[in-house]
Amino acid sequence: MASEEELFANIDALLAEEPQLPPPAERARLREAAGITQARLAAALKTTTQTVKNWENGRSEPKSPRLEAYQRLLKGWAAKYPAHGTPAAPVAPVAPAAAPQPVTPETFTGPAAPEATAAAPVEAPAAPAAPERPARPATSRRPAAKKAAKPAVDPRFPHGPLAVLDGDGSAYGVDGIVLDCPATTIPELVEWTLRESGLGAPKLNRYGKDSDPLIVLTAAAAVKLGLPERLEGHEQRRSLRLPEDHPVVKQVTKAKWQLTQRGFGPWARIYRKAQGRERQCVQLAILSWDALDERSWPGVAEMEPADIARVLGVYAQRVITPRGSTAVSGLELMTALRPPTKPERDEETGNWISAYNPGSLGTEPMDPAPPEATAEHPVVVQSGWTGGFLNEEAYQWVRSVDSLSDEECMMPFAVGLDLNTAFLAAAARLVVGLSAPDHFHAPKFNPKIPGSWLVDLSHIELDPRLPSPFTPDGSRPTGPAWYQTHTVAYAQELGYDVHPIEAYLRRETGAYLDPWHDRLKNAYVDTLADLGVTKDLDDRQFLAAMEQHKQVDPALAAVLAAIKATVKGGVGKLRERPQGKHYKEGERWPALQRPTWRPDIRAAVISKARVNMHRKLNNMAKMTGLFPLAVLSDCVVYPSPGASPLDFLPYAASGKPQPGGFRLGPTPGLAKLEGVQPMLWAVELMEKGLNPARHIKGGDAVLDEGE
């Protein structure tokens, strides 16, 4: 017969085991009997609604300390709401217990939840509770100067648009959410993302499509899933792909998933044919394969997973869920906001069909007019076109040193001004062609018709201390050349007659880029406001805020850089050139299959931006007598008596900026300080034929030519 000591030892061993929870179905019954929603329970236990769902359907079990807190809650509910036919037992008073510490993954860099509330025991309610506001989950957000209103959460995507997956299976989402991802292969990851993760984003237009969920893989996660930590090869890294015989590619194919033509590269899109209205597609981004390039996403690839999720989450909320480089995202944002088709009822059959969505670019690619194309385009090569091309590019101009006055040379400083997202400002209310170009001979110029005009502007003589508004290098035209409508219209605005020789014009027109402009403008302004740069600041306060904004929150500063790169890259993608050493002139390259390959729209944006710049330069000369030293795209350098723009910008007696010139401010088209250098430094660069605007910031600027 067993001794008392042996029996007690066995009982102690049982007590030491992990707490046993009731069956999953009973957990759900108890919660519903208490009148508590899954979302409210998730908030109390500092976890996600999806995790609670998994506990209640048996897909996963909680871990300590949530396990003990959850068991305590269920025991309290079981005593108060017994199963049918079981008498209720009185609830014994429970001595207060120390609150377990919150579970904060090692890689999570945001603040932990407050100690007093994190995963604390949840008391059973004495009576059905009145609805309460759910507690906020712990997040990795830092304090910001101003918070934009959060959009309503789509119940189909409760955990936001994306997650950053680390090697331990923790998937970091927006607002501090951490999901448990059990996947060990890429096919399992795709299935988990579509079936269980609750990730995705609603469409941006009523006729559009929902954004596919994005999973960003850290180097550790990539290796765990069977991918190489780095892609190696002689090609540019962004062009590298896994070979078709790689085990992971074979796994994807065996599981009946497909890869897009881009293959398995830094941005891999894995899909199956849609079932009805349900898309089956997951976007992957591999950090260690340079998916987030440093120029567009400064410092983001080196952040902790939770902070990467925060940066990408803010971008996804304000712009679009990333689908590739910022250039790709900028182009796809155009289509997401102006879908090519809409449902329409066929009057004869009564069936719903896919019809053209007015104002969009449609579903079929459109060949440009020969002067709008590039030299290698099939339209040019096959027709033998020799009539010249549009040359609507951003400014690269340096003033002749010989034109500098002694007074200018004696100025102590050279001050650079940069126009905020100049291409975005140019896209506002920009009317572009929507139909194919038609050819006209000796047409009368009409500034309201978008197109390309062959016209001689060489007779127009302007002040040599300003760049010509008609050429990117600022030189005076020497004869007939092709110009976009805005350039020719500006010649008329300056008071000169224009007589086009021929033109390629489009009959159907519209402000295609308006929603693109509006969304990116709001994203830019809201992100700057979160960094403390708001519209209500006076000019002196604005300059001070801009000087510090990157230090306020490096994560949001990275979002701001990505928004700016989205503008430039999106415009550049409208005229994407062929890539690869095997390309031959006259062949069609992949970008030509897109309806959004529209070099004429790109030319319209850049033409308007360059005209906007010249108009301000001209007005500044009239108001202040000051002339620029150099211009590079949206940056202009002026000689100045002081080290601040406030020392030379024109202001009225009231203190308000004079209209027509450069004005400081946080919105697209307004200016900010780019940099300050000694005037002697600028003159020495000009004498060497170098552009001070490229170096005024203290490093080499990147030409924003929309490439």
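If you're wondering where the values come from, they're calculated on a predicted model, not measured in any experiment. (Residues numbered from 1 in each chain as written. Predicted model: local features only at pLDDT ≥ 70, side-chain atom pairs only at ≥ 80, totals over all residues. Heavy atoms only, no water.)

## Topic: empty space enclosed by the protein
Now for step 1: Evaluation of the coordinates by the stated rule reveals 4 cavities of 30 Å³ or more.
Now for step 2: Its volume calculated, the largest cavity comes out at about 80 Å³.
Now for step 3: What lines the largest cavity is Ala-394, Tyr-395, Leu-419, Ala-422, Phe-423, Ile-606, Ala-609, Arg-610, Met-613, Ser-633 and Asp-634.
Now for step 4: Sorting the residues of the lining of the largest cavity by element identifies helix H13 (422-427) and helix H18 (599-624) as the ones contributing at least two each.
Now for step 5: Take the lining of the largest cavity: its biggest share by element is 4 residues, from H18.
Now for step 6: The residue makeup of the lining of the largest cavity, split by class, is 8 nonpolar, 1 polar and 2 charged. (1 Å grid on protein atoms, 1.4 Å probe; cavity = no way out; pocket = protein on both sides within 12 Å on 5 of 7 lines; lining within 4 Å. Points joined across faces, edges and corners; volume = space filled by probe spheres on them. Helix = DSSP H or I, 4+ residues; strand = E, 2+ residues; numbered from the N terminus. Nonpolar A, V, L, I, M, F, W, Y, C, P; charged D, E, K, R; others polar.)

## Considering the packing of helix H16 (residues 539-552) against helix H17 (residues 554-573)
Helix-helix packing: each pair is described by the crossing angle between the helix axes and the interaxial distance.
Now for step 1: In the contact formed by H16 and H17, the axes pass within 6 Å of each other and the chain directions differ by 110°. Our classification of the angle between H16 and H17 gives roughly perpendicular. Note on element contacts: H17 touches H16 through Pro-554, Ala-557 and Leu-560, opposite His-549, Lys-550, Gln-551 and Val-552.
Now for step 2: Counted by class, the contact of H16 with H17 contains 4 nonpolar, 2 polar and 1 charged residues. (Axes fitted to C-alpha atoms, helices over the stretch in contact; angles between N-to-C directions. Parallel < 35°, antiparallel > 145°, perpendicular 65-115°, else oblique. Contact = heavy atoms within 4.5 Å.)

## Remarks on helix H8 (residues 247-254)
An α-helix turns once every 3.6 residues. As a result, residues three or four positions apart point the same way.
Now for step 1: Turning to H8, its buried residues are Val-248, Val-249 and Val-252. With its buried residues spanning 100° around the axis, H8 presents them on a single face. In H8, the exposed positions that point more than 90 degrees away from the buried face belong to Pro-247, Lys-250, Thr-253 and Lys-254.
Now for step 2: In the stretch just after H8, Lys-256 is the one whose phi turns positive, near 65°. (Buried < 20%, exposed > 50% of the residue type's maximum accessible area, 1.4 Å probe, protein only. Arc of directions from axis to C-beta.)

## Some thoughts on the sheet that holds strand E1 (residues 162-165)
Now for step 1: Strand order in the open sheet formed by 7 strands is E3-E2-E1-E4-E7-E6-E5, with mixed pairing between adjacent strands. At either margin of the open sheet sits one strand with a lone partner, and together these are strand E3 (178-180) and strand E5 (258-259).
Now for step 2: Contacting E1, strand E2 (170-172), E3, strand E4 (214-217), strand E6 (267-275) and strand E7 (278-286), helix H6 (residues 186-195) crosses the sheet at an angle of about 125° to E7. (Pairing = 2+ DSSP bridges.)

## Examining the pairing of strand E19 (residues 635-640)
Now for step 1: Most of E19 is tucked away, with 6 of its 6 residues classed as buried.
Now for step 2: Alternating residues of E19 divide into Cys-635, Val-637 and Pro-639 and Val-636, Tyr-638 and Ser-640, and every residue in both groups is buried.
Now for step 3: Pairing geometry for strand E11 (residues 413-419) and E19, over 6 bridges, is antiparallel. Note that in E19 the partner of Ala-414 across the bridge is Pro-639.
Now for step 4: Strand direction decides the pairing type here: strand E18 (residues 630-632) and E19, joined by 3 bridges, are antiparallel. The partner of Ala-630 across the bridge, within E19, is Val-637.
Now for step 5: What sits between E18 and E19 in their antiparallel hairpin is a turn of 2 residues, with Ser-633 showing a positive phi close to 55°.

## A closer look at helix H15 (residues 514-530)
Now for step 1: Across its 17 residues, H15 extends 24 Å between first and last C-alpha, which sits within 8% of the 24 Å expected from 1.5 Å per residue.
Now for step 2: Within H15 the residues assigned to the buried category are Trp-516, His-517, Leu-520, Ala-523, Tyr-524, Val-525, Thr-527, Leu-528, Ala-529 and Asp-530.
Now for step 3: On its buried side, H15 packs onto helix H9 (305-318), helix H10 (326-337), H13, H16, H17 and strand E20 (671-678).
Now for step 4: Gly-532 sits one or two residues past H15 and shows a positive phi near 90°. (Expected span 1.5 Å × (residues − 1).)

## Re the side chain of Arg-269
Now for step 1: If you trace the backbone, Arg-269 turns up in strand E6.
Now for step 2: On the basis of relative accessible area, Arg-269 is assigned to the buried category, the value being 15%.
Now for step 3: A distance of 3.5 Å separates a polar atom in the side chain of Arg-269 from the backbone oxygen of Arg-323.
Now for step 4: Leaving out residues up to four positions away in the same chain, Arg-269 has contacts with Gln-258, Leu-259, Thr-260, Arg-262, Cys-281, Val-282, Gln-283, Arg-323 and Glu-332. (Polar contact = N/O pair within 3.5 Å; in protein donor to acceptor, adjacent residues only side chain to side chain.)

## Topic: the pattern of salt bridges
Now for step 1: With the rule as written, the count across this model stands at 28 salt bridges.
Now for step 2: Between Glu-26 and Arg-29 there is a salt bridge, with the nearest N and O atoms lying 2.9 Å from each other. Here Glu-26 and its partner Arg-29 are both found in helix H2 (residues 24-33), 3 residues apart, which amounts to about one turn of the helix.
Now for step 3: On the basis of relative accessibility, which here comes to 22%, the residue Glu-26 falls in the partly exposed class.
Now for step 4: The class of Arg-29 is partly exposed, set by a relative accessible area of 27%.
Now for step 5: Salt-bridge contacts for Arg-602 lead to Glu-393; the nearest nitrogen and oxygen are separated by 2.8 Å. Of this pair, Arg-602 sits in helix H18 while Glu-393 sits in the loop between helix H11 (378-383) and strand E10 (396-398), and the two are 209 residues apart along the sequence.
Now for step 6: We classify Arg-602 as buried; its relative accessible area is 2%.
Now for step 7: In this structure Glu-393 comes out as buried when scored by relative accessible area, which is 15%. (Salt bridge = Lys/Arg side-chain N within 4 Å of Asp/Glu carboxyl O.)

## Regarding the packing of H9 against H17
Now for step 1: Orientation of H9 relative to H17, taken along the N-to-C sense of each, is 45°, at an axis distance of 9 Å. Between H9 and H17, the angle is such that the two are oblique. At the point where H9 passes H17, the crossing takes the right-handed sense. Every residue of H17 that contacts H9 at Arg-310, Val-311, Val-314 and Tyr-315 is listed here: Ala-555, Leu-556, Ala-558, Val-559, Ala-562, Ile-563 and Thr-566.
Now for step 2: Of the residues assigned to the contact of H9 with H17, the class counts are 9 nonpolar, 1 polar and 1 charged. (Left-handed = near helix turned anticlockwise from the far one by under 90°.)

## Observations concerning the sheet that holds strand E16 (residues 502-505)
Now for step 1: Taken in spatial order, the 4 strands of this open sheet run E13-E16-E14-E15, and their pairing is antiparallel. Edge positions in the sheet fall to strand E13 (438-441) and strand E15 (480-484), since each of these pairs with one other strand and no more. Direction aside, the axes of adjacent strands within the sheet are offset by 20° on average.
Now for step 2: Note: E13 against E16, 4 bridges, orientation antiparallel. Bridging across to E16, Asp-438 finds its partner in Leu-505.
Now for step 3: Running over the sheet, helix H14 (residues 485-493) touches strand E14 (451-456) and E15 and is turned about 105° from E15.

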